[in-house]
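Coordinates in review
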Amino acid sequence: MKNTKSTLSGKFYSADIISLDQFDPVTLKKLFSLVPKMASIAKNAQPSKLLSGKIVTLLFYEPSSRTFASFAGAIKQLGGETIDILNPLQFSSVSKGENFEDTIRVFEAYCDAIIIRHPEIGTAKKAALIAASVPIINAGDGNGEHPTQALLDLYTIYEKYKKLDGLTGVMAGDPLNSRTIHSLIKGLSLYKNNTIYLLSPKELRLNRDDFNSYTEKGVKLIEIYSEKEIPKNANFWYWTRVQKERFKDKKTYEKVKDSFYLTSNLIKNFAGKDTILMDPLPRVGNIDMSVDQDPRALYLRNQIRNGMYVRMALLSLILNKK
Amino acid sequence: MKNTKSTLSGKFYSADIISLDQFDPVTLKKLFSLVPKMASIAKNAQPSKLLSGKIVTLLFYEPSSRTFASFAGAIKQLGGETIDILNPLQFSSVSKGENFEDTIRVFEAYCDAIIIRHPEIGTAKKAALIAASVPIINAGDGNGEHPTQALLDLYTIYEKYKKLDGLTGVMAGDPLNSRTIHSLIKGLSLYKNNTIYLLSPKELRLNRDDFNSYTEKGVKLIEIYSEKEIPKNANFWYWTRVQKERFKDKKTYEKVKDSFYLTSNLIKNFAGKDTILMDPLPRVGNIDMSVDQDPRALYLRNQIRNGMYVRMALLSLILNKK
Amino acid sequence: MKNTKSTLSGKFYSADIISLDQFDPVTLKKLFSLVPKMASIAKNAQPSKLLSGKIVTLLFYEPSSRTFASFAGAIKQLGGETIDILNPLQFSSVSKGENFEDTIRVFEAYCDAIIIRHPEIGTAKKAALIAASVPIINAGDGNGEHPTQALLDLYTIYEKYKKLDGLTGVMAGDPLNSRTIHSLIKGLSLYKNNTIYLLSPKELRLNRDDFNSYTEKGVKLIEIYSEKEIPKNANFWYWTRVQKERFKDKKTYEKVKDSFYLTSNLIKNFAGKDTILMDPLPRVGNIDMSVDQDPRALYLRNQIRNGMYVRMALLSLILNKK
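Residues numbered from 1 in each chain as written. Chains lettered and ligands numbered in written order. Predicted model: local features only at pLDDT ≥ 70, side-chain atom pairs only at ≥ 80, totals over all residues. Heavy atoms only, no water.

**Quick word on the relation of the copies chain C and chain A**
As a reminder of what qualifies: The copies were overlaid by least squares, fitting only the C-alpha atoms of residues that reach a pLDDT of 70 or more in each copy. Two residues qualify as a contact provided that any one of their heavy atoms is within 4.5 Å of a heavy atom in the partner residue.
When chain C is fitted onto chain A, the two copies agree to an RMSD of 0.0 Å after a turn of 120° and an axial shift of 0.0 Å. The relationship between the two copies is best expressed as a three-fold rotation axis. Mapped onto chain A, only 4% of the interface residues of chain C again fall at the interface, so the copies present different surfaces.

If you want it as structure tokens, here you go:
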């Protein structure tokens, strides 16, 4: 039996990882303190045995090859093994009409943990309530959460500044709909004195309930609608994409779109020498390729690597009883 | 070269596993004696090295994620590795017109065993006749056999009663068409003094040839057509589903279907305190979810776990030359 | 950072393997000298640790289960692990519009090498120019190259004759279009005094540019159009298929096709006792099944096994820094 279904604070053993809400500064500090060790394991020629003898099922109900590869890499870097179940709706008994409860109970019998990706919100939690003997890790449940993405974003900022309080950041794109923006605001609201500039078209600003809820937690949110309002020398820029499809009126899109395209010129004008440039990826028309060469651009460097390292740290905490 | 293509009795080394017919009580006893050790390996944090250095190809011509995961888990629990080839008709040279003989001879060159799943009856045997150097294991060949499913069913009964003779069981559903019912009758007919009540609509009872052939082997078969005829205190119930599609006359289906839906009430009225409740899964409309809580219900517990343990035992015998 | 993007001659460390052009006789000798050791590792019950702790991504943009299985087997025989990414155009962020550059940079962060298969010529080289930290291995890029196929063909000849110069060979089929024929001619042209008879319909002979270019390198090419012109006692026959689709005039095809179907009778009349019979596979209507029993037929024996052994040798050189 799993020994906890509840909040993680301070205890990771055999725990489900469903939501960023399970984490607090103490837990995050503990988790992040392990990441450099994980990085050196990944770079080291010697194989790690932290997960040796452990088998993790990657149960992906929708394609996401980056998240899949990052988790698979994390498990194998630590000496564990995977059972890869891709598209079970198409390729399994699920297609014969099996209910979700039976599916989870079958797969948990074969492994030490299940990492689940699903297009529907709430599915990871549902799996966690079903699984009797192994932890469930949410690898993205549609419009719900993708907690390890949030953890890697937080760690990438932490890696640079060695703290997560007293920071100023810019988040560009689509605060209304972006799962990653919501998660990162939530994460930063666990710490004091953070200020976030939300750059978006008016149509895509946060809804007022979310705005108030985040603000009450203590994070300062400043909504801006043009790149000219970007503060100088922010600690980080988090640059998501604005989807044309969100606009009823395509003319409005054409008018505002340049504000949300990240160029070297914009960086020259507003970023400081330490401002780190982030993007949850995939990048599709939101960041100019010329920006990639900028040493401050971490989206194809630290963010990706940290994704694997943070997942390694998490798995080593969850699957290693001490 | 493989040193046997023949019946397994007493020798497992480098052998193909195509049919339950290869097994006799001596072989089964040997196999089952290893299962508890396999269970403790699977639960143990320490990795096993029984299959270390062994590579097994999972060649699945049709989707079956449970069987796939169970075999993959079994191999990896023992320290072996897999090469996963899913849907080769769609994703391989087979689609370029390669014949089956060449496909098998190519794959056998890369591994120590091939586990094959195929929609057509006889394919596993065909593969075994082709493969020159590695054992072939049948993971289901359409309306043919699925010997490891039969072995896990037999083991689940054996685990409870420490014997496979002198038992009384109920098998409900579709004796005419169910591959798993046929296999389990076959398996139990290897032992003495077994009585099986076959509960089914008249339309779906065994054909007379099969009935006579099983009866001649010594198992006693009693056909019943209503749940009211279920004997009290049977040793096991094996509850498969009745497919509406089998009935020409849908009214007949509506009339009889309640006899074949397993409920807590039915259990209360006819089962004994030791009667174990089994189902080969997937369950689709044949067992009420409330039954899952019953400690006698083994379909989502022992049966699934035993599936992996029995496969581990079989692989360790086949792939470990002593 | 990778320490070379250039020709391999004499140094393999952290190198991309994109084309047969990277190889010279010194490099090939070094590579081939490792193959027998790899064969004994594959046959040995003891697992190898040459790649332990190494993770290799198999990034297959088109199906090729033989090449996939051969590489996966090679990696696992050496104690390494794989991340399998099949059909990313269908099952990944690529489908969301991610550019190829980002895809490669993401995947390289999780592993120690990427083996790429792609339907478009030039893609492996493109990947090699992008990847900043891991070697790229070309597993076939459409009409481009498939260097490890060429290496296994060369090794299979070398294994028999212990040399790659002074040989006479027959290559049948489609010299105009066959990637494998081109590669093998290229490989043999690195050595002195080789003579190749190219047996094909006139419509499918080499184009004059290729003919001249190979001839200038020193290999002697003799074009023949009927099986009656096959020289006696050649060292090897390399028998590819002629596709009916290549002929505008189907009557011409019917007239010539028998010249390009390999039978036991043809072998009896023209082959010597040491002539080895090769085919890059899949075989589709170009070699009679009765030929398989001939001990000189290596296409379902040495060629396949050598494919895995040569890949093992290559990976052990590339991924083991000394």
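**Quick look at the interface of chain C and chain A**
To keep it simple, the criterion reads: The term buried area denotes the loss of accessible surface (1.4 Å probe radius) that occurs when two parts are joined, taken as the sum for both partners. Here a salt bridge means any side-chain nitrogen of Lys or Arg lying within 4 Å of a carboxyl oxygen belonging to Asp or Glu. Counting from the N terminus, the helices are DSSP H or I runs at least four residues long and the strands are E runs at least two residues long. Amino acid classes used here: Ala, Val, Leu, Ile, Met, Phe, Trp, Tyr, Cys and Pro are nonpolar; Asp, Glu, Lys and Arg are charged; the rest, including Gly, are polar.
At the junction of the two partners, chain C supplies 24 residues and chain A supplies 25 residues. Both faces considered, chain C and chain A share a buried interface measuring about 2400 Å² in area, 55% of it formed by carbon and sulfur atoms. Linking chain C with chain A are one salt bridge. The residue Asp102 of chain C makes a salt bridge to Arg283 of chain A at a minimum N-O spacing of 2.6 Å. Among the elements of the structure, strand E2 (81–86), helix H3 (88–91) and helix H4 (100–108) of chain C are those that each provide at least two residues to the side of chain C that touches chain A. Class assignment for the residues of the side of chain C that touches chain A results in eight nonpolar, eight polar and eight charged.

**Topic: the pattern of salt bridges**
Once their charged atoms are close, side chains differing in charge can pair, the charge on each being opposite to the other. To keep things clear, this is the line we draw: Working definition: with a 1.4 Å probe on protein chains only, accessible area under 20% of the residue-type maximum means buried, over 50% means exposed, and in between means partly exposed.
Evaluated as defined, the whole model comprises 30 salt bridges over all chains. Between Asp292 of chain A and Arg283 of chain A there is a salt bridge, with its nearest N and O atoms 2.6 Å apart. The pair formed by Asp292 of chain A and Arg283 of chain A is uniform in burial state, with each residue classed as buried. The shortest N-O distance in the salt bridge between Glu223 of chain B and Arg205 of chain B comes to 3.8 Å. Highlighted residues: Glu223 of chain B in strand E7 (residues 220–224) and Arg205 of chain B in the loop between strand E6 (195–199) and helix H8 (208–216), separated in sequence by 18 residues. With relative accessibility at 17%, the residue Glu223 of chain B sits in the buried group. Arg205 of chain B gets classed as partly exposed once you look at its relative accessible area, which sits at 33%. The network of salt bridges with common partners includes Asp21, Glu145 and Lys186 of chain A.

From the geometry alone we can't say anything about function, so treat these as descriptive.
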